Amino acid sequence: MVYVDNILGVPLGYVLYGCWLLLGSYGWAIVLFTLATKVILLPLSVMAQRNAIIMVRLRPETEAIKRRFGNNSNLLLSEQKALNKREGYSSLKAMLPMLIQIPLVLGVIQVVYHPLRHLCHIGIGTISDLVRRTAEILDTTPDALGSAAQVRVIDSIATSRPEFTGIADESILDRIAAVDLNFLGGALNLGDVPSWSWPTIIWPFLAGLSALALSLYQNKYYVLQRFAGPASKWGITVFLVAFSFYFALILPGGFGLYWTAGNLLSIGVVWVCNRIDDPSEVIALAEADAAEHALTPAQQAEARAQAAALKARETSDIKRFTATPNKGLMVYAEAAGYWKYFAGPLTWLLGNTDVVVHYVTNDADDPTFERAAASDGQLRAYYVGPQAMTAFMMKLDVDLCIMTTPDLETYHIKRSLVRQDIEYAFVDHGMASVHLGFGEGALDHFDTIFANGPNERQEVRATEAVYGLPEKRIINSGYPLLDDMLAAVAQLDLTRAEGEPPVALVAPSWQTDNLLDLCLDETIQPLLDAGFKVIVRPHPEYVKRHPIKMDEIIARYAEPNEPNESAEADGAADADESAGRVEIQTGFSSSATVYTADVVITDWSTIAQEFSYATKKPSIFINTPMKITNPNYTKITPVPLEISMRERIGVALDVADLSRIGEVACDLIANKDQWRGEILDILDANIYNLGAAAQTIGGYVVASLARHQLAREVAQARLARIAGRLTPEQETLLAEDAARAREAQIAEVEAKAARLEVLATELRNRAAAARDRVA
């Protein structure tokens, strides 16, 4: 507290001292001091008010985010943070006035308890002497006087000044005698700590009543409190009243006066802030939105019942999963749409092996539950919500866990604490890079990577070398989804009817400054002018995260309800001509739109690779700001496919050159046969096991499960040998295991010897070349 007194009490003491010199009254000096602090802090209060208005203005979007992502806490938090950052809302600004009040209160307490130091400016040594003399007069000890010792000195000098002669100079005693702690004509002594008797008990009650008045005013007029629930409003009110009453009861009356004045003056601060920045319009809009989406009591009861039923289903599924012994393969899917990434390998496993697939999904409406019901028990589906996923994964007990979710161990998905030998395998859900498209270290904690092609293998190995990571098992699997796409395209009739316009599919990504936000109109109009029908297919995440923007886009390109009867307005004829040639698609159940388009236009979405690889048609890339998930991607040598493929499977255009996009698209279609040959070559060079990815992954799964089973049997045999109960079969198993270990060691030594021989040959060649140069 000495430190607090030096840092906070001294400067605030001088402010209070100035107020005391100005008014000559200790009590009114405290009131003036409180007013001065409110005026000084007014800019911060205005800043907090503006920040609160931003929060209320964002309330409709915030509530929409809660409705969409209520079951995914991580995505909900991510979306709210992105929204707050975009609109400039800061939780720190909201708390800043309150945070500054804390040192103010501590400083005021020090000033109230130490008036000899802060009002009379007496040295520490003299104060100690005066406190000792006061303790003698009152027949007690300095320690017994406690924190109010200096206040007791002032009272003692006022009543028994001769007793202090010789303890301090008369000038010092005069300064102390000038400090009158009485207030309102002597009715109250601001140095006294209140007791449960009149008149000092008035301070706790005044502090509590002023806190009640402030809370009631804020509940009605402060912008944020208008939208707080009844429990929150009255909970805060009761807390503030109790807090104010308690501290005014245990501290000297001067603090009670400060707290009461502060509460009453804060009402004025709220009034002034509302005059400076009137929140009424924002409040009206937010209240209208709240009324529109308010649930009736019956709807609230239904929602609670649905949530309870879903929780019971989750609990039942987790128990069913946990109770199943000897689980080999588990597949984790974040949503219903992720089945397509596993469909090929799982279909192969279900059709060609007896491997039981335990499919865990975060989506209660995943169609995989219907697939599981029809699979005779070989495919088993379980619902585990996002919030329960962390605990579920940390208690996981399987041999092999396959997922498309990166960042294992980084966020909420953790490796098991129950089993250290679980093999975690990563299946990519795109054909892009893993060091630019994912965050730094996204794959560090996986054991096995199913690589789409050489580029992914090179990126993983380069990452291991740069960061000194142990080598992962990389399976040259290929991309099962691409095989499914190739099969689907082969079944389609891609010929255009005579007179049917070519189709341009605009399919951007969803990151900041994407095509939809940056240059949608500039992209569409030249395509319409060139005779194209344009289909706009936003990324699913964009549709989920930005419903207001989507509504604006749909309204902007909506077809007229009736044809124009006149062309009085400029451009009316052009509008009729383009009517029906722009289509906005927000459904993603079918990929036919992608396959049947003549050209795809995107920014940084991997849909261009899927389209070009599947149809052998070129794409157009618009150079919007690049999507960079890992800012340190340049540490890894291979060039990301998102960059290297832009000029190999199509044409890249700067935003400034979009007036040429119609001409470029026509040229690509005119030269489609040439592009087809080039894309075929690129496809063969960049994707492993075309047409056989499902079998490759499925075959690896079978081998991996067999390896885990063998490891368990060997471990059991070793335990049996230790216990002295080894069967002949286990003896044979251990001998075979030892032979395999010796073979592995021999193979490793032979590999090292081969590498050394290569190195020795290279050194001999260098030596010979050096001798030749010398000669």
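Nothing here was measured: the structure is a model prediction, and the numbers come from that model.

Looking only at helices and strands, the protein has 32 helices and 15 strands in total. In terms of overall dimensions, the protein has a C-alpha envelope of 110 × 100 × 80 Å along the principal axes. Across the 775 residues in the protein, those meeting the buried criterion constitute 44%. At a minimum sequence separation of 6, the contacts of the protein that also span at least 24 residues come to 71%. As displayed, the protein offers around 39000 Å² of accessible surface, 57% of which is attributable to carbon and sulfur atoms. The average position of the 68 basic charges and that of the 92 acidic charges among the side chains of the protein differ by 6 Å.

Right, let's get into the layout of surface pockets. Of the voids in this model, the second largest pocket is the one considered here, and its volume is about 1400 Å³. Every residue lining the second largest pocket is counted, 41 residues in all, and those nearest its centre are Pro97, Met98, Gln101, Leu214 and Gln218. Of the residues contributing to the lining of the second largest pocket, the split by class is 28 nonpolar, 12 polar and one charged.

We now examine the confidence of the model for the protein. On average, residues of the protein score 86 in pLDDT, and 94% of them reach the 70 mark or higher. Predicted confidence is poor over residues 560-577, with pLDDT under 50, and the contacts of this stretch with residues over four places away or in other chains come to five contacts.

Our next topic: the pairing of strand β10 (residues 503-506). Neither face of β10 is open: one carries Val503 and Leu505, the other Ala504 and Val506, and all of them are buried. The sheet contact formed by β10 and strand β11 (residues 533-536) spans four bridges and is parallel. The partner of Ala504 across the bridge, within β11, is Val534. Traced from β10 through helix α22 (residues 515-529) to β11, the parallel crossover comes out right-handed. Judged from the three bridges that link them, β10 and strand β13 (residues 599-602) form a sheet pairing that is parallel. By the bridge assignment, Ala504 is partnered in β13 with Val599.

Take the packing of aromatic side chains next. Inspection of every chain in the model, using the stated rule, returns 20 aromatic pairs. Seen in terms of ring centroids, Phe243 and Trp259 are 5.7 Å apart; in terms of plane orientation they differ by 50°. Their pairing is tilted. Here Trp259 lies in helix α14 (residues 253-276) and Phe243 lies in helix α13 (residues 230-250), a separation of 16 residues in the sequence. Residue Trp259 is classed as buried on the basis of its relative accessible area, which comes to 17%. Seen from their ring centres, Tyr246 and Phe247 are 5.3 Å apart, and the 85° between their planes marks the pair as edge-to-face. Put simply, the rings of Phe33, Phe239, Phe243, Tyr246, Phe247, Phe255, Tyr258 and Trp259 touch in pairs and so form one group of aromatic residues. Of note, Lys327 hangs over the ring of Phe321, and the distance from its end group to the ring centre comes to 4.8 Å. Positioned above the aromatic ring of Trp604, the side-chain terminus of Arg646 is 3.6 Å from the ring centre.

On to empty space enclosed by the protein, then. Following the criterion strictly, the structure yields six cavities of 30 Å³ or more and no others. Computed from the structure, the largest cavity encloses a volume of approximately 160 Å³. Taken together, 16 residues line the largest cavity, and the ones lying closest to its centre are Val434, Gly441, Ala442, Asp444 and Thr463. The space that makes up the second largest cavity amounts to roughly 80 Å³. Elements with a contribution of two residues or more to the lining of the second largest cavity: α20 (454-467) and α27 (607-615). Of the residues forming the lining of the second largest cavity, the biggest block, three residues, is contributed by α20. Residues that form the lining of the second largest cavity fall into these classes: six nonpolar, five polar and one charged.

What follows deals with the nonpolar core. Membership of the largest hydrophobic core comes to 50 residues, with the highest contact counts inside it found for Leu16, Tyr26, Leu116, Ile176, Phe255 and Tyr258. Of all the elements in the fold, those that place two or more residues in this core are α1 (2-23), α2 (26-40), α6 (91-113), α8 (124-137), α10 (149-159), α11 (170-178), α12 (202-221) and α14. Of the residues forming this core, the biggest block, seven residues, is contributed by α6. With residues near it in sequence (within four places) discarded, Tyr258 still touches Ile30, Phe33, Thr34, Gln101, Leu104, Val105 and Val108.

On to the environment of Cys19, then. Here Cys19 shows up in helix α1. A residue is classified by how much of its surface remains accessible, and Cys19, at 7% relative accessible area, is buried. C-alpha of Cys19 to C-alpha of Phe33: the two residues are 14 residues apart in sequence and 6.4 Å apart in space. Apart from residues no more than four positions distant in its own chain, Cys19 is found in contact with Gly24, Ala29, Leu32 and Phe33.

Ordered in space as β5-β4-β3-β6-β7-β8-β9, the seven strands form an open sheet in which the pairing is parallel. The open sheet is flanked by β5 (379-383) and β9 (473-476), the only strands paired with a single partner. The sheet shows a mean angle of 20° between the axes of neighbouring strands, taken without regard to direction. Sheet topology places strand β6 (residues 400-403) next to strand β7 (residues 423-427); four bridges connect them, and they run parallel. For Leu400, the partnering residue across the bridge sits in β7 and is Glu423. Contacting β3 (329-333), β4 (357-361) and β5, helix α16 (residues 297-323) runs over the sheet at an angle of about 135° to β5.

This part takes up the pairing of strand β8 (residues 448-451). On any regular strand, side chains alternate: one points to one face of the sheet, the next to the other face. Here β8 shows a buried face lined by Thr448 and Phe450 and a second buried face lined by Ile449 and Ala451. The sheet contact formed by β8 and β9 spans four bridges and is parallel. Bridged to Ala451 within β9 is Asn476. Handedness of the β8-α20-β9 crossover: right-handed.

Definitions and cut-offs
- Residues numbered from 1 in each chain as written.
- Predicted model: local features only at pLDDT ≥ 70, side-chain atom pairs only at ≥ 80, totals over all residues.
- Heavy atoms only, no water.
- Helix = DSSP H or I, 4+ residues; strand = E, 2+ residues; numbered from the N terminus.
- Buried < 20%, exposed > 50% of the residue type's maximum accessible area, 1.4 Å probe, protein only.
- Contact = heavy atoms within 4.5 Å.
- Areas by Shrake-Rupley, 256 points an atom, 1.4 Å probe, with all protein chains shown as cover.
- Lys, Arg positive; Asp, Glu negative; His and termini not counted.
- Charge placed at Lys NZ, Arg CZ, Asp CG, Glu CD.
- 1 Å grid on protein atoms, 1.4 Å probe; cavity = no way out; pocket = protein on both sides within 12 Å on 5 of 7 lines; lining within 4 Å.
- Points joined across faces, edges and corners; volume = space filled by probe spheres on them.
- Nonpolar A, V, L, I, M, F, W, Y, C, P; charged D, E, K, R; others polar.
- pLDDT = per-residue confidence, 0-100.
- Pairing = 2+ DSSP bridges.
- Right-handed = clockwise from strand over helix to strand, strands pointing away.
- Phe/Tyr/Trp six-rings, centres within 6.5 Å; stacked < 30°, edge-to-face > 60°.
- Lys NZ or Arg CZ within 6 Å of the ring centre and 35° of its normal.
- Core = buried A, V, L, I, M, F, W, Y, C linked by side-chain atoms within 4.5 Å.
- Axes fitted to C-alpha atoms, helices over the stretch in contact; angles between N-to-C directions.

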